[in-house]
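Secondary and tertiary structure notes
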Amino acid sequence: MQRDDVPFLPRGVRTHFDRVRKTEVLLGPERVLMLDQVGVAVLGQLDGAARLSEISQALAQVYDAPLDVIEPDVIAFVRDLVEKGMVHVRPR
């Protein structure tokens, strides 16, 4: 996975607030992943146009955190979701 890759939620995958669990979840075909605040923040930036580097920069600004700390975490999080089939990535 590269900094210039563009992640997006594929058809049939979406975020949702689960009222029973009182938490945000990522819903996919026959799969539910509970999200923490970091996951919600990252997934909220996936618009199908922003590169991983742009998403990392935006989150670094919002949370006033160093980009060199944020970016590896964003890439690792997205890579994990790609491996689970919950996020797709297109090279840019």
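Structure first, text after, so check above.
So, a few notes on the structure that sits alongside this text. (Residues numbered from 1 in each chain as written. Predicted model: local features only at pLDDT ≥ 70, side-chain atom pairs only at ≥ 80, totals over all residues. Heavy atoms only, no water.)

**Overview of the packing of aromatic side chains**
- Evaluation of the coordinates by the stated rule reveals 0 aromatic pairs.
- In this arrangement the basic side chain of Arg90 is found over the ring face of Phe8, its NZ or CZ atom lying 4.7 Å from the centre. (Phe/Tyr/Trp six-rings, centres within 6.5 Å; stacked < 30°, edge-to-face > 60°. Lys NZ or Arg CZ within 6 Å of the ring centre and 35° of its normal.)

**Quick notes on the pattern of salt bridges**
- In the structure shown here, the tally under the stated rule is 3 salt bridges.
- Measuring nitrogen to oxygen at the nearest pair gives 2.9 Å for the salt bridge that ties Arg3 to Glu71. Within this pair, whereas Arg3 is found in the segment before strand E1 (6-8), its partner Glu71 is found in helix H3 (residues 67-83), the two being separated by 68 residues in sequence.
- When its relative accessible area of 39% is taken as the criterion, Arg3 is described as partly exposed. (Salt bridge = Lys/Arg side-chain N within 4 Å of Asp/Glu carboxyl O. Helix = DSSP H or I, 4+ residues; strand = E, 2+ residues; numbered from the N terminus. Buried < 20%, exposed > 50% of the residue type's maximum accessible area, 1.4 Å probe, protein only.)

**A look at the sheet that holds strand E3 (residues 23-28)**
- Judged by pairing direction, the sheet is antiparallel, and its 3 strands sit side by side in the order E2-E3-E4 without closing on themselves. With partners counted over all chains shown, the strands left at the sheet margins are strand E2 (14-18) and strand E4 (31-34), one partner each. With strand direction ignored, the average angle separating the axes of adjacent strands in the sheet is 35°.
- Of the strand pairs in this sheet, E3 and E4 are connected by 4 bridges, and their pairing is antiparallel. Directly across from Gly28, in E4, lies its bridge partner Arg31. (Pairing = 2+ DSSP bridges. Axes fitted to C-alpha atoms, helices over the stretch in contact; angles between N-to-C directions.)

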